[in-house]
Amino acid sequence: MKIPEYTSGCFQLYKIKQTKVDDYPKDVLENTKYEIWYREISVFDKTRYQLEQGGREVTMKICIPQFKEIGTRHVCIIDGVQHLVYNATHVIDKNGNRETELTLIRPGEELEINE
């Protein structure tokens, strides 16, 4: 069995939380304290086209060791840039390793980090 390598980089995982500012809800980022290594994978032209038709810009697609807690209310910060998790798919690769594939998109607006 071959062990997968996650050597493309590392990201900090944030969860989107809602707070009240002047009686209005506001989304902010809360640090989960997780630093996760990833491997960048290809985005198929069909996927990129379909998402762009809906007004979403795919920034990258990455693969991490299986992490079932991650979802669409999470943001990955890679090299100081925010990437919103659009989709998380849990897969088993050809060697039997459990992984999570994340499709990342550009968020509509950059969210404030709540320290």
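Since the structure is predicted, the reported quantities are computational estimates derived from the model, not experimental observations.

Some details on the overall build of the protein
- Helices and strands together make up the secondary structure of the protein, namely one helix and seven strands.
- Reading the secondary structure of the protein in the N-to-C direction produces β-β-α-β-β-β-β-β.
- Based on the C-alpha atoms only, the size of the protein along its principal axes is roughly 55 × 35 × 25 Å.
- A total of 115 residues make up the protein; the buried ones form 35% of that total.
- Partitioning the intrachain contacts of the protein with sequence separation of at least 6 by distance along the chain shows that 58% fall at a separation of at least 24.
- As displayed, the protein has an accessible area near 7,700 Å², and 45% of this comes from carbon and sulfur atoms.

Structural notes on the environment of Val28
- Among the secondary structure elements, Val28 is positioned in strand 2 (residues 24–41).
- Residue classification places Val28 among the buried positions, given a relative accessible area of 4%.
- Expressed as a C-alpha distance, the spacing of Val28 and Glu110, which sit 82 residues apart in the sequence, is 9.4 Å.
- Leaving out residues up to four positions away in the same chain, Val28 has contacts with Lys15, Ile16, Lys17, Thr19, Glu112 and Asn114.

Things to note about the packing of aromatic side chains
- One pass over the structure, following the stated rule, counts two aromatic pairs.
- Each ring, one from Phe11 and one from Tyr38, has its centre 6.0 Å from the other, and the planes form 40°; the classification is tilted. One end of the pair, Phe11, is in strand 1 (residues 9–21); the other, Tyr38, is in strand 2, and 27 residues separate them in sequence.
- Residue classification places Phe11 among the buried residues on the basis of a relative accessible area of 1%.
- Here Tyr38 falls in the buried class, since its relative accessible area comes to 5%.

Observations regarding the side chain of Lys61
- Its place among the elements puts Lys61 in strand 3 (residues 58–65).
- Buried within the structure, Lys61 lacks any salt-bridge partner; its nearest side chain of opposite charge belongs to Glu101, at an N-O separation of 4.1 Å.
- Setting aside residues no more than four positions away along its own chain, Lys61 makes contact with Arg39, Glu40, Ile41, Ser42, Val43, Glu101, Leu102 and Thr103.

Points about the environment of Glu110
- Looking at where Glu110 falls in the secondary structure, it is placed in the loop between strand 6 (98–105) and strand 7 (112–114).
- A C-alpha to C-alpha distance of 20 Å links Glu110 and Asp22, two positions 88 residues apart in sequence.

Here is what the cut-offs are and how they apply
Residues numbered from 1 in each chain as written. Predicted model: local features only at pLDDT ≥ 70, side-chain atom pairs only at ≥ 80, totals over all residues. Heavy atoms only, no water. Helix = DSSP H or I, 4+ residues; strand = E, 2+ residues; numbered from the N terminus. Buried < 20%, exposed > 50% of the residue type's maximum accessible area, 1.4 Å probe, protein only. Contact = heavy atoms within 4.5 Å. Areas by Shrake-Rupley, 256 points an atom, 1.4 Å probe, with all protein chains shown as cover. Phe/Tyr/Trp six-rings, centres within 6.5 Å; stacked < 30°, edge-to-face > 60°. Lys, Arg positive; Asp, Glu negative; His and termini not counted. Salt bridge = Lys/Arg side-chain N within 4 Å of Asp/Glu carboxyl O.

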